[in-house]
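Residue-level structural notes
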There are 2 protein chains.
Amino acid sequence: MKHPLLFLCTFLISSSTYLTTSHSLTIPRLSPISEWEKTLHNPATFVASDEKEFYYNQTLDHFNYRPESYTQFQQKYVINFKYWGGANSSAPIFAYLGAEEALDNVPSSIGFLTDNAASFNALLVYIEHRYYGKSIPFGSRQEAFKNASTIGYFNSAQAIADYAEVLIHIKKTLHAEKSPIIVLGGSYGGMLATWFRLKYPHLTIGALASSAPILYFDYITPPNSYYDVVTRDFREASEKCYETIRKSWSEIDRVASQTNGLSSLSHIFNTCNPLNNSSSLKEYLYSVYTSAAQYNRPPQYPVTVICGGIDGASSKSDILSKINAGLVAYKGDKTCKVNGPTNVSETNMGWKWQRCSEFVLPIGIGNNSMFEPNPFSLELYTNECKKHFGVSPRPHWITTYYGGYDIKLVLKRFGSNIIFSNGLKDPYSSGGVLDNISDNLVALNTVNGSHCLDILAKKESDPKWLVEQRKKEVEIMKGWISQYYSDIGALRMASKFHNK
Amino acid sequence: MKHPLLFLCTFLISSSTYLTTSHSLTIPRLSPISEWEKTLHNPATFVASDEKEFYYNQTLDHFNYRPESYTQFQQKYVINFKYWGGANSSAPIFAYLGAEEALDNVPSSIGFLTDNAASFNALLVYIEHRYYGKSIPFGSRQEAFKNASTIGYFNSAQAIADYAEVLIHIKKTLHAEKSPIIVLGGSYGGMLATWFRLKYPHLTIGALASSAPILYFDYITPPNSYYDVVTRDFREASEKCYETIRKSWSEIDRVASQTNGLSSLSHIFNTCNPLNNSSSLKEYLYSVYTSAAQYNRPPQYPVTVICGGIDGASSKSDILSKINAGLVAYKGDKTCKVNGPTNVSETNMGWKWQRCSEFVLPIGIGNNSMFEPNPFSLELYTNECKKHFGVSPRPHWITTYYGGYDIKLVLKRFGSNIIFSNGLKDPYSSGGVLDNISDNLVALNTVNGSHCLDILAKKESDPKWLVEQRKKEVEIMKGWISQYYSDIGALRMASKFHNK
């Protein structure tokens, strides 16, 4: 039963359209699987018999003692017992920290865990993030998302405190107090894994943070980096392709401004519904290119596929026909494009809130990309969020609570046991930790890797560098566990000696 | 101008009477100066011309985005610029993290800072804790303490987040981004300093946590330890004295049960008002003995003074006259005792809430102390809190958020640069970190030291071991700062090399 790249690293900022005025940024969300990949399979058909579903009575607000804070909600988590060595042997626990989506198909998506659990005798735990899936406070999604008063409890500090409580509960229930826990997550979930290790070191011996752009806040990373990497990816694939895309925007504007221009564009791009303006077409193309770059994976490498289409079009073709040939190469010629039926997923809804409260990723577009320049404006961003939710984002909170500035200086002598893995083709890698900080806060980069690739299931077609990256991750995690057992042993000996 | 032992380490659990049913525990609060010591001087007369008062617009709830969470209040902090080397030389900042009292006289009490600031060229910062002093949300103390809905924002996680924001603000305002910050605090403030270093390592290079019983939660420390140490202190001072005290409780009961017994007791102890029951007398004695033990400081050593009085009474005296002689030796014979005018301080009010929300210190009295046995009951405790505030304490939250179990195992390979200082005569030292955890998470104990002694001002009469303890603290802190400067230098060099 195979569920390969499915589901998990999806779109991060696709829901950002409304945030960024007319020019609109449609950056993929921070998630291991692209939206498009999700449509290729139907993971809902997968039922894992090794997994059991549980619910924990979670506290609504961990950091407040108002009577409402004590309200509880049911938080879902799933345990796979198949590979576990048991509490008696203090066998390890791997905890996947849920991110901005329902947990439904996550366990089958994070192949890294099922691929390696046996060699660790590990228990596999997957915890759903509050306000997603079945882990909704206030009785219903509608109530929970009603206004800022009900949605205000939805943030990362509360989420990792949830994870702390669930993990303590699981250890207690399974009498597994001595079992070491390793947390992992991808993208936003990778940030959570990093922060969980930093804030709750008493509950996890280490974290694998895949493609976690923890430095893309508060201008630590230059705002234009995301689109600069997308551009670099396309340019590295083909200079000609890059040039064609770069020129296409003004061409779209030119055609659109002609009589019946929008109708022509609708025809050229086989849109699902006639275009009312050129910006929806541009948005669509932005989202295709960014997604292709973010999930630029072997064996197909979407960027190469798109550029193959663009460059392969007849040399007599005009620019827009070439652009369309790129889309057809990537998506096929059977489905219509742009203006199709839209489906606002719970992920879109939730992530929209998260971006409008604490996750202010100041992503803009500079002058040297293949896109149209569109600098980030905190003012516009804030106004849009305020209009939508009635409250302002707190753009400095993430760096206040979790840090980020001078991370090498700060963590060189503090903290341990985090793997920051990144694929350098992933535009979000620009906000990741790409250098080793210390002997045990390490960066594992792959030059040709993409977003969250390492935590997906292994495949026959995996290139050597990917196999090596995962192997290294496993080695490091085994090292953490050995050290933990050895530390426990040493303490037990010391205590025996002490009590003599 | 001298302000020696004043003010800062006061009573921690004296406000706990209502919490523990009829038997009542009157344990001193977690604070550097005893209540009694406060009465000896009037620190309000002290005006430090080197200090300036500031206010920061603080956010009511850092961990929530409900509209009410954005409410602001004015948080007070004080800066002493006298010794600072300035931002240009990246001279260090020492930040005293306020605890359960107004900041008013704190700067003059924490002599360790003013004694050592010159040798560090350090800026001295003192930050007031939310809900104390002038740092009150909702416009007034009355509103803030009205009910659980307004007081619910009053907890340690919010408080250290406050400190994070204030310190970022100070650095920014003073252009002192490169100045390393060392935080310190005593007692509850020492816990805050520890937790601040653990949760906000990006904002402080190290913490001095004086007499911080971070392990006195959730039964990590055996519940009876506090009173066992009080007992040991008295027994070590005098076996005879200990025996007299141990026998006195039943003697009080015996006399109280006689006709006119309460009147006799009132006479024997020179009470301010006639006794209505024997328990108020016992409570008073409990508070005297625990405070004497907690603040058992040179040069007088209150425990020795009390036992001197008890043992020195005429051998013909009965037990209760001896007990009274102990009180007279300690407090003088001019003031009345028990049932005097009571003054519910803001500290008592605030700490009562803190104990009823997150700080469930499960302190009980075992069978082998000089007191009457009174085991801790979480049920009684919870009921009393619920009755008083309408919400239940969360007895596991502190260990969930901050850890504590297996602290040696957990922090051996995580975290750095914390000094845990304790005086072993201090009953709270039983919940402190008394062993080195690693090379840079160190315990500095003094066998004859008491609560928070090290962070008070130096005195001519200081014993050698106290001088040595403080000297060692200074040495370690200088080491942190040197290492920080050297790390900065190395990074700068690396970056220069990288950019060549």
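The present account deals with the structure reproduced in this document. As the structure is a computational prediction, the values presented were derived from the model and not from experiment. (Residues numbered from 1 in each chain as written. Chains lettered and ligands numbered in written order. Predicted model: local features only at pLDDT ≥ 70, side-chain atom pairs only at ≥ 80, totals over all residues. Heavy atoms only, no water.)

**What to know about helix 15 (residues 378-389) of chain A**
Along an α-helix, residues three or four apart share an orientation, since each turn contains 3.6 residues. Residue and element names in this part refer to chain A. End to end, helix 15 covers 16 Å across 12 residues, agreeing with the expected 16 Å (1.5 Å per residue, within 8%). All of the buried residues in helix 15 are Tyr381, Thr382, Glu384, Cys385 and Phe389. Looking down the long axis of helix 15, one finds its buried residues gathered within 165° of arc, a one-sided arrangement. Exposed and oriented more than 90 degrees from the buried face of helix 15 are Glu379 and Lys387. Where helix 15 is buried, its residues contact helix 5 (148-151) and helix 14 (346-357). At the exit of helix 15 stands Gly390, carrying a positive phi of roughly 85°. (Helix = DSSP H or I, 4+ residues; strand = E, 2+ residues; numbered from the N terminus. Expected span 1.5 Å × (residues − 1). Buried < 20%, exposed > 50% of the residue type's maximum accessible area, 1.4 Å probe, protein only. Arc of directions from axis to C-beta. Contact = heavy atoms within 4.5 Å.)

**Some thoughts on the interface of chain A and chain B**
At the junction of the two partners, chain A supplies 56 residues and chain B supplies 56 residues. In total, chain A and chain B occlude about 4900 Å² of area from one another, counting both sides; carbon and sulfur atoms represent 59% of this. At the boundary of chain A with chain B, the tally comes to six salt bridges. Note that Arg413(B) and Asp487(A) form a salt bridge whose closest N and O atoms lie 2.6 Å from each other. (Buried area = accessible area lost by both parts, 1.4 Å probe. Salt bridge = Lys/Arg side-chain N within 4 Å of Asp/Glu carboxyl O.)

**A few points about the relation of the copies chain A and chain B**
If you rotate chain A by 180° and push it 0.0 Å along the axis, it lands on chain B with an RMSD of 0.0 Å. Look at the turn and shift together and you get a two-fold axis relating the two. Taking the C-alpha atom as reference, chain A places Gly415(A) closest to the rotation axis, 2.5 Å from it. Same-surface contact between copies: 100% of interface residues of chain A are shared with the interface of chain B. (Least-squares fit on C-alpha atoms with pLDDT ≥ 70 in both.)

**Regarding the sheet that holds strand 3 (residues 51-59) of chain A**
Residues and elements named next belong to chain A. The sheet built from eight strands is open, its strands ordered 3-4-6-5-7-8-9-10 with mixed pairing. Bordering the open sheet on either side are strand 3 and strand 10 (441-446), each of which pairs with just one other strand. The average undirected angle you get between the axes of adjacent strands in this sheet is 20°. In this sheet, strand 4 (residues 72-80) lies alongside strand 3 in antiparallel orientation, the contact comprising nine bridges. Of the residues in strand 4, the one forming a bridge with Glu51 is Asn80. (Pairing = 2+ DSSP bridges. Axes fitted to C-alpha atoms, helices over the stretch in contact; angles between N-to-C directions.)

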